[in-house]
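# Coordinate inspection notes
Listed here are the chains, written in short residue letters.
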4 protein chains.
Amino acid sequence: MPIITGEQYISRIDQLGTEIWIDGERIHGKLSEHRAFKGIMNSQAELYSMQHDQSLQHELTYSSPTTNDLIGRSFIQPKTKEDLVKRRQMVQHYASYHHGLMGRSPDYMNTVVTAFACSTDYLQGKENCYPEHLQAYYEYAREQDLSITHTFIDPQVNRSNFYIEFDEKPIAATIIEQNDKGIIVDGAKLLATQGGMTDEIFVMSASNDGDGNRAFAFAIPSNTSGLKFICRESFALGESEFNYPLGSKFDEIDSLVIFDRVFVPWDRVFYVNNIHVANTFAQNSLFRPLSLHQVVARQVKKTEFLIDVAFAIVDSIKIEEYTHVQHKLAEMLVLQETIEALLLKSEHNAQLHEFGYICPQREPLEAAILIYPKMYPRMVEIIQLLAASGLINIPTENTFQTELNDDLNHFLQSKSQLGEERVKLFRIAWDLTMSPFGTRQTLYERFFFGDPERMSGAIYNLYKEKRNL
Amino acid sequence: MPIITGEQYISRIDQLGTEIWIDGERIHGKLSEHRAFKGIMNSQAELYSMQHDQSLQHELTYSSPTTNDLIGRSFIQPKTKEDLVKRRQMVQHYASYHHGLMGRSPDYMNTVVTAFACSTDYLQGKENCYPEHLQAYYEYAREQDLSITHTFIDPQVNRSNFYIEFDEKPIAATIIEQNDKGIIVDGAKLLATQGGMTDEIFVMSASNDGDGNRAFAFAIPSNTSGLKFICRESFALGESEFNYPLGSKFDEIDSLVIFDRVFVPWDRVFYVNNIHVANTFAQNSLFRPLSLHQVVARQVKKTEFLIDVAFAIVDSIKIEEYTHVQHKLAEMLVLQETIEALLLKSEHNAQLHEFGYICPQREPLEAAILIYPKMYPRMVEIIQLLAASGLINIPTENTFQTELNDDLNHFLQSKSQLGEERVKLFRIAWDLTMSPFGTRQTLYERFFFGDPERMSGAIYNLYKEKRNL
Amino acid sequence: MPIITGEQYISRIDQLGTEIWIDGERIHGKLSEHRAFKGIMNSQAELYSMQHDQSLQHELTYSSPTTNDLIGRSFIQPKTKEDLVKRRQMVQHYASYHHGLMGRSPDYMNTVVTAFACSTDYLQGKENCYPEHLQAYYEYAREQDLSITHTFIDPQVNRSNFYIEFDEKPIAATIIEQNDKGIIVDGAKLLATQGGMTDEIFVMSASNDGDGNRAFAFAIPSNTSGLKFICRESFALGESEFNYPLGSKFDEIDSLVIFDRVFVPWDRVFYVNNIHVANTFAQNSLFRPLSLHQVVARQVKKTEFLIDVAFAIVDSIKIEEYTHVQHKLAEMLVLQETIEALLLKSEHNAQLHEFGYICPQREPLEAAILIYPKMYPRMVEIIQLLAASGLINIPTENTFQTELNDDLNHFLQSKSQLGEERVKLFRIAWDLTMSPFGTRQTLYERFFFGDPERMSGAIYNLYKEKRNL
Amino acid sequence: MPIITGEQYISRIDQLGTEIWIDGERIHGKLSEHRAFKGIMNSQAELYSMQHDQSLQHELTYSSPTTNDLIGRSFIQPKTKEDLVKRRQMVQHYASYHHGLMGRSPDYMNTVVTAFACSTDYLQGKENCYPEHLQAYYEYAREQDLSITHTFIDPQVNRSNFYIEFDEKPIAATIIEQNDKGIIVDGAKLLATQGGMTDEIFVMSASNDGDGNRAFAFAIPSNTSGLKFICRESFALGESEFNYPLGSKFDEIDSLVIFDRVFVPWDRVFYVNNIHVANTFAQNSLFRPLSLHQVVARQVKKTEFLIDVAFAIVDSIKIEEYTHVQHKLAEMLVLQETIEALLLKSEHNAQLHEFGYICPQREPLEAAILIYPKMYPRMVEIIQLLAASGLINIPTENTFQTELNDDLNHFLQSKSQLGEERVKLFRIAWDLTMSPFGTRQTLYERFFFGDPERMSGAIYNLYKEKRNL
């Protein structure tokens, strides 16, 4: 049966032997047993296993149009508004598990690949474009229930407007050779979240400087020869769920991706050397509306989680009577109402796209992702302002396992909790807003769909189009 | 036919002889010809006349359940989500005419009276409550197509927490006598927008200090003996549409309402001397959700108008290329998407209310009116920041009627407009954001649904209820 | 005696016969008796007369270095920190009279001319520059106690980056002819505040498009042939001080300035046809630090005035107990402390400039004028949020002169004021924040020292210089 | 010689044997060798050693009025404005070493003790007050160059307005016994930063609930019997300066302080059982102005450090040309100018206090600490917005010590730096804004001088006093 289990996911990744480096060492042995990957791979496995939960299966899967096997619903190519509604529900089932903290949960990348596959029409007949490879790849991923990550962005060497890379050895990943079997890529890509812990990696490049050799899209297995993942340090500071309730389970690790003369066979190449396509495919395809639909659905659950934490704190230390506390909670509730409403509007006003699929209305989704990068950090700030010194006085699990236990339960008690219970709650708040895991979440939401300084352009341009300005 | 025309509205008001004072004089003669009322009464008349426009009539009216005559759709008591959608469309038809600048257009007050009539169940069986009077008044207003205003708030004498009015002569309107024919009211109410230019006035009072004589609701004709309307100065600074394109047409005049021993017959009294009802009826009835639905529908059109003005300025002086300009426009577009989405959500998730009518979901409406009082002033600010010095150099219509005409057309030209056309545009922006009319609009939106410092409580309490906290 | 009286100022202006247009008419007769100019010219006259007040004279004047006569202290070329301190005190004496509401009080323009005269070294030896004319003009202005306005900005036709004016008839003022007697200027300048009600006008032009004919500086009498001032409508809505307590006295009227082949003799020309000088003189001379010093000194008094109004409102309706009220007042007090402190720092760290005069430290002044355009509108907003509906219920003076007087005094009373007194206070708040006069003040502060989008550059560049980056 | 060296400081603390718990273990052995304390104690030692640096000694020390020995200048009781200026310079010398990151550097606590000693007049003649003990303690601390921490706040059990602790066993530290030798204290205090790594601890308590047994002030040695410090986990995530350039050196560790029937001899008690004094001493003494003067002086240096980091990032990835980047840097520079100016104003307008010492003007200091808790988090946000993805791709030191070194230097290079250098810079930014050390700094500045919701009261009250309102 195509949909895999968590065990299958883990066993498949453990066998790859992908080249991954972390803190000065190349990882040998099972990736799923490495300190830095254990927690997150286990969480990822849980998501795969949910597909087999009988109470959820009909919402998380559907029948393959080619094989009739059960396949993940995140692969569905939407034809009706109902399809969009079900997509959203599926995304939110997964997000309920990870509180919206996993940006690269499988349903995200499946949506991305699906969205591109919905858009093969855009590539049809264009120079050096292979829509049939993209379609085949989509079906392959769908039927194998592949885990995938992606990497889009070039290294951040020099971001001035007139910078042109000029180096003998490429920095940004570049095609340095083509032959009848495929292309050879050399250089690096800035960031792959979950890099190394997925079956495959999807690589796309805009060409900022007009060099066709940096205008491509392809996908390859993570263990392709010459491909290396250089991880940042792990933000899972320890395995104790008491101490690091979120980081220990949801730190997706980011890595630099190095292509050391990596060979990509033609059937995995979606386009090459077409600057126009490279610079417009993501904007003009269903990628943006369908991915944003997934993203905003996830953010709804994340917002709920932050609201739950905020209310739990307010309740714990009994501060609900203060007007400023009610203002702060209301700010969070207004955000939740707003993004839920925008998501609903995108579905309600969805329209048939020229490529034959149903496309969520773009304006409300663009609005949502202009709001979220500003409001997510504000929610984080609100939690800090509510919890205050409670975020500092957070002894570790071990401290509660000593002769001090009674004292700590007494002195750190809240209105209705013993010290241990209370510290547990405040450590969630700390891990969400102040640990390296938490701050990386904030940074992630700040920049999720691109440079906030440039993102305003999207909604502005949609308005102009609509009014024929 | 019950729905009236503009002419009928004007003639009815002109005949009332209501006691209205402005700038030291009591108005005698036809109100509709007085400098301060001419423009706004004409606009109000246009709204009534729209009901007879054949292309709109089916959207603006429906058949009376009692007489089968055509009556205004703003009187409909919603039973289905479709009813809500049609309500919104009706409101937005009217708002398209007045750009959302008339807060007391007839559809607003009709909605208010209708909402209360939908809630007579709340009064049923409660002490000193007369639900049957309210029901009768609603039907009377509906079948006569009455124009109505309301006044709710007491004078702003002392707003400290522990203030209790203690004066021989009442300040806030108070029942000073009851007899078998009715009640006698003495004192004042702070504000009636459109006070004096409507057939009737609807008076409600919360009882902040626990005095049952200030716990009542009733409605009376504007020309009731002892009732006086003391207007602020007119913000229609002149009749030239070039100079005051908005103020000359839409200044609704606000007035202080004085009750000088005003007699109210029992059949016009909805409740008296019931502090609990007086303090909870507005919150617990359909008043809040149905009125907010009308308000947010209007604000959508107002927002559109401000966006149109902003884009026209950007286009006029050709500043669209600047990133900060795109940011500012995007802010406005995000607001528009947001409130449209919240309104849609309130309809989409509407539910049957215990009183038997369909009730729009409250949370998104409460969110909308927390957002709008902050964002409306921001839109005003954005227009000022975009138009800049263009808001200062705005010679009057007369100046263009002189030998200077060619010079002004030349020196004040914009990218694509002659000086006169350009100044016309910038005077709209000025009248919207900087004239006394415009600033009163801003103040109005800031405070429309109450003290912004206290309004957070509403959404917070809804959340608590939902989660049984 | 060189320092003039208010009467002398008025009589001098009334005799000029300057060409001034307002609301479709050219003003004939005495300017000081025209409805639009009466109030402001009277206020200006008061400032001149203050020079003769024996208790202030030693602070407002000093002895002319050339004639030993008493001359205005705003003409002093500072040589010591003490000179700066005294300059500030002088500015604040004047500002105490006009509450900081007059941006073009004589001390401002005197400071501007003085600052340029302190910078003649910059022009020395540069092509087409006449530092000796500038020096002579400064001495002439000083010894005659001239009233002056300035105009710097070109019409706002098209503000895109790559716009080049290309029209047969100039729009922006341009030198269209030079001969041995002088230059002939044609075109317009966007804005002269107080245009027409001063003896002279000082004209400067940067050359945005590289045309040397728009690279000049000169000064001429207001009644020069061919010079026309086209006023916006008056924002003094009436003469009643009760109704328009600020606008009736301080509306400085702005005008478009048209140069219809205006002849300027060489001895009034400071430079021509030197693009580099035209684009750098204001930035590199003492103009910016000395003018900013005057501006910030004025803003300190304006801030004090707004704070006084805010506290009076709080006291009137007794709302000081609310935390949010204290927050809002504290915001205003923090601003006051901040700009006072920045001003003090600029004096405390003043240094000898290469041109031989003492120069206030620039960084704190640049900081102040980045803060003020954001905080002034916020103070305006705070006053509106505090006064709330009190800003709507503001019957006019005439209304209090009727049989309603007792009623209005009763119903509009505040904690400690009768209605009339209370309305008087709230009308000040209205005139300051919501009347056309008030909103023009807000716009003025928003843009006072240039486009807020570009102003950040100044402080950034100072920092870079200091660190040799 | 009274001023001690770093070695003396370390050796004194190591000998105390104070009861300190961390992560489930009681620390035995030398505290200065424990992983969590090593870095910070070494930094503290550096500060003591600076006193012996010949180039700084005259600025960091002065002669004891009692012994003529050299003592720390932070103990000086200011009599002149010059004393305040020198105080500030001394504070900023120390802060230059720790970038303002040490809130409890010795000069802070010395200032606190000194400020209280300047205020013994307040205690004179009041019930249960011992000004002579306070004076003696000050002299003892000064002559021994004691390291001290303080703890003021009670546990955060229930912060509602009407909470009264009612438990058999005290939670907040409480006097449970008095006898002729001293008092016995039981209960806990919320937080002592540097708890355990100082010679002494200064304990003060307001009495929120009116229980005189919680109205006291005293100081005792850290190793007093029954006194326990329960630390949060260490935020020094490792010893590598490359990885944790700030946390490894400046994490001051916070701890809960438990008083298990702690005996305090009378000569160390400053007052007991005087609720009025306990609730007013900090506000009405020189504590607030003198401590704030120290704090703001430190914040000036911290701000400089953040600005340096921001400019280094801008320079590294070459983004200075963008307007939004200049805006962001300008925001930081404006803050720096502002707090420097406010500090200067507090010195410039300092006045003789009734207790005989010179007191910095309070208003500007109160303004500064209303600004800083809002602006510090904004600076943190700006650094994140500028550095963007550069804060994610930060391989550890070890990673650079592998065969990957060349690749990393190449792919992670910036405009002018090899990868290693560049990552070093971005890890500083990460440690400052996103590590647990960095986020605790942000929280610290948010709450440094109390609940931001209540702090507005201070400046508001000063204004009212000044105007006799």
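Everything quoted here is computed from the prediction, not taken from an experiment. (Residues numbered from 1 in each chain as written. Chains lettered and ligands numbered in written order. Predicted model: local features only at pLDDT ≥ 70, side-chain atom pairs only at ≥ 80, totals over all residues.)

With that settled, the discussion passes to the overall build of chain A. Across its full length, chain A holds 17 helices and 14 strands. For 469 residues, the compact-globule estimate of 2.2 N^0.38 gives 23 Å, and chain A sits close to it at 23 Å. A burial count over chain A gives 59% of its 469 residues as buried. A sequence separation of at least 24 residues applies to 74% of the contacts in chain A between residues at least 6 apart. (Helix = DSSP H or I, 4+ residues; strand = E, 2+ residues; numbered from the N terminus. Rg over C-alpha atoms; globule rule 2.2 N^0.38 Å. Buried ≥ 20, exposed ≤ 12 C-beta atoms within 10 Å, placed from the backbone. Contact = placed C-beta atoms within 7 Å.)

Residues annotated by UniProt as "domain: HpaB/PvcC/4-BUDH C-terminal" (unreviewed entry) correspond here to residues 278-466 of chain A. Helix makes up 76% of residues 278-466 of chain A and strand 2%. Its end C-alpha atoms lie 25 Å apart. (UniProt positions renumbered as here; feature names shortened; annotations may be inferred.)

For the pair chain A and chain D, the superposition axis carries a translation of 0.0 Å, the fit reaches an RMSD of 0.0 Å, and the rotation angle comes to 180°. Look at the turn and shift together and you get a two-fold axis relating the two. A share of 100% of the interface residues of chain A reappears at the interface of chain D, consistent with the copies meeting face to face through the same patch. (Least-squares fit on C-alpha atoms with pLDDT ≥ 70 in both.)

With that settled, the discussion passes to the pairing of strand β10 (residues 227-231) of chain C. Residues and elements named next belong to chain C. Most of β10 is tucked away, with 5 of its 5 residues classed as buried. Residue alternation in β10 divides its side chains into two sets, L227, F229 and C231 and K228 and I230, and both sets are buried. Bridge count between strand β1 (residues 19-22) and β10: 3 bridges; the pairing is parallel. Residue pairing in the sheet places I20 in a bridge with F229 of β10. (Pairing = 2+ DSSP bridges.)

The side chains of a regular strand alternate between both faces of the sheet. Relative to strand β7 (residues 182-193) of chain D, strand β6 (residues 174-178) of chain D runs antiparallel, the two being bridged by 4 bridges. Note that in β7 of chain D the partner of T174 of chain D across the bridge is D186 of chain D.

A common measure of how large an interface is: the accessible area buried when the components associate. The interface is formed by 61 residues belonging to chain A together with 62 residues belonging to chain D. Counting residues per element, the ones that place at least two in the side of chain A that touches chain D are β7 (182-193), β11 (254-265), α12 (362-387), α13 (397-400), α14 (405-411) and α16 (436-447) of chain A. If one sorts the elements of the side of chain A that touches chain D by residue count, α16 of chain A sits on top with 6 residues. In terms of residue class, the side of chain A that touches chain D is built from 27 nonpolar, 20 polar and 14 charged. (Nonpolar A, V, L, I, M, F, W, Y, C, P; charged D, E, K, R; others polar.)

All names here are of chain A. Considered domain by domain, chain A is made up of domain 1 (6-144), domain 2 (148-281) and domain 3 (286-466). For domain 1 and domain 3, the distance between their C-alpha centres works out to 24 Å. Listed per partner, the contact involves 28 residues of domain 1 and 22 residues of domain 3. Of all elements in the fold, only α4 (81-98) and α5 (106-117) reach the threshold of two or more residues within the side of domain 1 that touches domain 3. Here the side of domain 1 that touches domain 3 takes 10 residues from α4, the largest share from any one element. For the side of domain 1 that touches domain 3, the residue count by class is 11 nonpolar, 10 polar and 7 charged. (Domains from an automatic or database assignment.)

Residue and element names in this part refer to chain B. Taken together, the 4 strands give an open sheet; going across it, the order is β5-β8-β9-β12, and neighbouring strands pair in mixed fashion. The sheet terminates laterally at β5 (148-151) and β12 (269-272), the two strands that pair on one side only. Here the strands of the sheet are splayed against their neighbours by 20° on average, with no regard to which way each runs. Taken together, the 3 bridges between strand β9 (residues 216-221) and β12 define a ladder with antiparallel strand orientation. Across the sheet, residue F216 finds its bridge partner in β12, namely V272. Against the sheet, helix α5 (residues 106-117) engages β5 and β8 (200-205), with an angle of about 65° to β5. (Axes fitted to C-alpha atoms, helices over the stretch in contact; angles between N-to-C directions.)

The subject of this paragraph is helix α17 (residues 452-466) of chain A. Burial in α17 of chain A covers these residues: M455, S456, A458, I459, Y460 and Y463 of chain A. Elements that come into contact with the buried residues of α17 of chain A comprise α12 of chain A together with α11 (323-348) of chain B.

Turning our attention to the environment of L418 of chain D. All names here are of chain D. By the secondary structure assignment, L418 is in the loop between α14 (405-411) and α15 (419-433). For L418, a count of 17 C-beta atoms within 10 Å translates into the label partly exposed. For the pair L418 and R378, spaced 40 residues apart in the sequence, the C-alpha separation amounts to 30 Å. Other than its neighbours up to four places away in sequence, L418 contacts N409 and Q413.

So, about the environment of A312 of chain A. Residues and elements named next belong to chain A. Inspection of the secondary structure puts A312 in helix α10 (residues 287-317). The exposure class of A312 is partly exposed, given the 16 C-beta atoms found within 10 Å. Along the backbone, A312 and L286 are 26 residues apart, and their C-alpha atoms lie at a distance of 39 Å.

Okay, the sheet that holds strand β8 (residues 200-205) of chain D next. Residues and elements named next belong to chain D. With mixed pairing, 4 strands are arranged side by side in an open sheet as β5-β8-β9-β12. Every interior strand has two partners, whereas the edge strands, β5 (148-151) and β12 (269-272), have only one. When the angles between neighbouring strand axes are averaged without regard to direction, this sheet yields 20°. Across the sheet, helix α5 (residues 106-117) touches β5 and β8, and the angle it forms with β5 is around 65°.

Another aspect to go through is unusual backbone geometry. Of note in this structure, A388 of chain B is not a glycine but carries a positive phi near 50°. At N273 of chain C, a residue that is not glycine, the phi angle is positive and equals roughly 50°. Assignment of secondary structure puts N273 of chain C in the loop between β12 (269-272) and α9 (275-284). With 19 C-beta atoms counted inside 10 Å, the residue N273 of chain C sits in the partly exposed group.

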